[in-house]
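Close look at the chain arrangement
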Amino acid sequence: MMRFLIVVLTPFVLWFCRLLFKIEFHGVDNIPRDGACIITPNHLTYADPIWITIPMPRRIYYMAWHKPFRIPVLGLLMRMFGAFPVNLDVAGDASAQREAIELLSKGRALVIFPEGGRTKTGKLMPFKMGAFRLALAHGIPIVPVTIKGAETIWPVGQMLPRPGKLTITYHPLVEVEQIQEEASRLELKESARQLARRIHDVVASALDPVSVPGAETNDGLSLETNA
């Protein structure tokens, strides 16, 4: 039923986004049609999950901020459309981790915003390690995604989006080799840092230079977890 609703609604959402936001999609063929994968977009607005999902050829699942799930109707709709809560106030939310692992074990596509929240400046923020530890621990490939232009369409503090130009780029799949079980926590941490740096660079490559901070971002990495 939910898949049917998504199929029916998608053309209308696409028409609206093309009319108002002149939305363009590049590299959609890089999204695998089946099999587990982790999709890692930058995060600019509340509408990011909708925008990145429009052209995808399969059902997508999301980690989403836990507080909106407390709103009865909204929370139900979010779950219906594949979202599940992650508590950003708790480091390494165990419940969200279990949900993510279960989905990936079933071959689902999972969206994790590696910045851990929306940017308030419009610039790409450091990536947290959770998504990359998860990918390494289970050998899950990653699809980096760049959202460009959303920061001017729906800036932080503005009630509703305004017309603008939006571009979504789906980068080539990055294969991730599962880390050996005997690897130490330190080895996993370092491997996650290297993978995060690589994915951060890919996402940044499709942004304007003004949206990519310099050395003050600690090379685009954060030691905090988001999974």
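What comes next is a walk through the structure. None of the values given here were measured: they were computed from a predicted structure.

This part takes up the environment of tryptophan 51. Position of tryptophan 51 among the secondary structure elements: in helix H2 (residues 48-53). Sequence-distant contacts of tryptophan 51, defined by excluding residues within four places in its chain, comprise Cys17, Phe21, Ile23, Phe25, Thr45, Ala150, Ile153, Leu166, Ile168 and Tyr170.

Turning to the nonpolar core, a few remarks are in order. The biggest cluster of nonpolar side chains holds 31 residues, and the ones touching the most others in it are Ile38, Leu110, Phe132, Ile142, Leu195 and Ile199. Of all elements in the fold, only strand S3 (60-65), strand S4 (83-86), helix H4 (94-105), helix H5 (130-138) and helix H7 (185-204) reach the threshold of two or more residues within this core. Examining the composition of this core, we find that six residues originate from one element, H7, more than from any other. Excluding its chain neighbours within four sequence positions, the residues that come into contact with isoleucine 199 are Thr40, Phe127, Phe132, Ile142, Pro144 and Val174. Phe21, Ile52, Tyr62 and Val145 belong to the second-largest nonpolar core, a separate cluster that totals 30 residues.

What follows concerns the packing of aromatic side chains. Considering all chains together, one arrives at four aromatic pairs under this definition. On the numbers, 5.5 Å between centres and 75° between planes, the contact of phenylalanine 21 with tryptophan 51 is edge-to-face. Of this pair, phenylalanine 21 sits in helix H1 (residues 2-21) while tryptophan 51 sits in helix H2, and the two are 30 residues apart along the sequence. Relative accessible area serves as the criterion here: at 2%, tryptophan 51 is assigned to the buried category. Judged by centre distance (6.1 Å) and plane angle (15°), the rings of phenylalanine 127 and phenylalanine 132 are stacked. For the residue pair phenylalanine 127 and phenylalanine 132, the accessibility class agrees, reading buried in each case. A connected cluster of aromatic rings, assembled from ring pairs, spans Phe16, Phe21 and Trp51. Over the aromatic face of tyrosine 46 sits the side chain of arginine 118, whose NZ or CZ is 3.9 Å from the ring centroid.

What counts as what
Residues numbered from 1 in each chain as written. Predicted model: local features only at pLDDT ≥ 70, side-chain atom pairs only at ≥ 80, totals over all residues. Heavy atoms only, no water. Helix = DSSP H or I, 4+ residues; strand = E, 2+ residues; numbered from the N terminus. Contact = heavy atoms within 4.5 Å. Core = buried A, V, L, I, M, F, W, Y, C linked by side-chain atoms within 4.5 Å. Buried < 20%, exposed > 50% of the residue type's maximum accessible area, 1.4 Å probe, protein only. Phe/Tyr/Trp six-rings, centres within 6.5 Å; stacked < 30°, edge-to-face > 60°. Lys NZ or Arg CZ within 6 Å of the ring centre and 35° of its normal.

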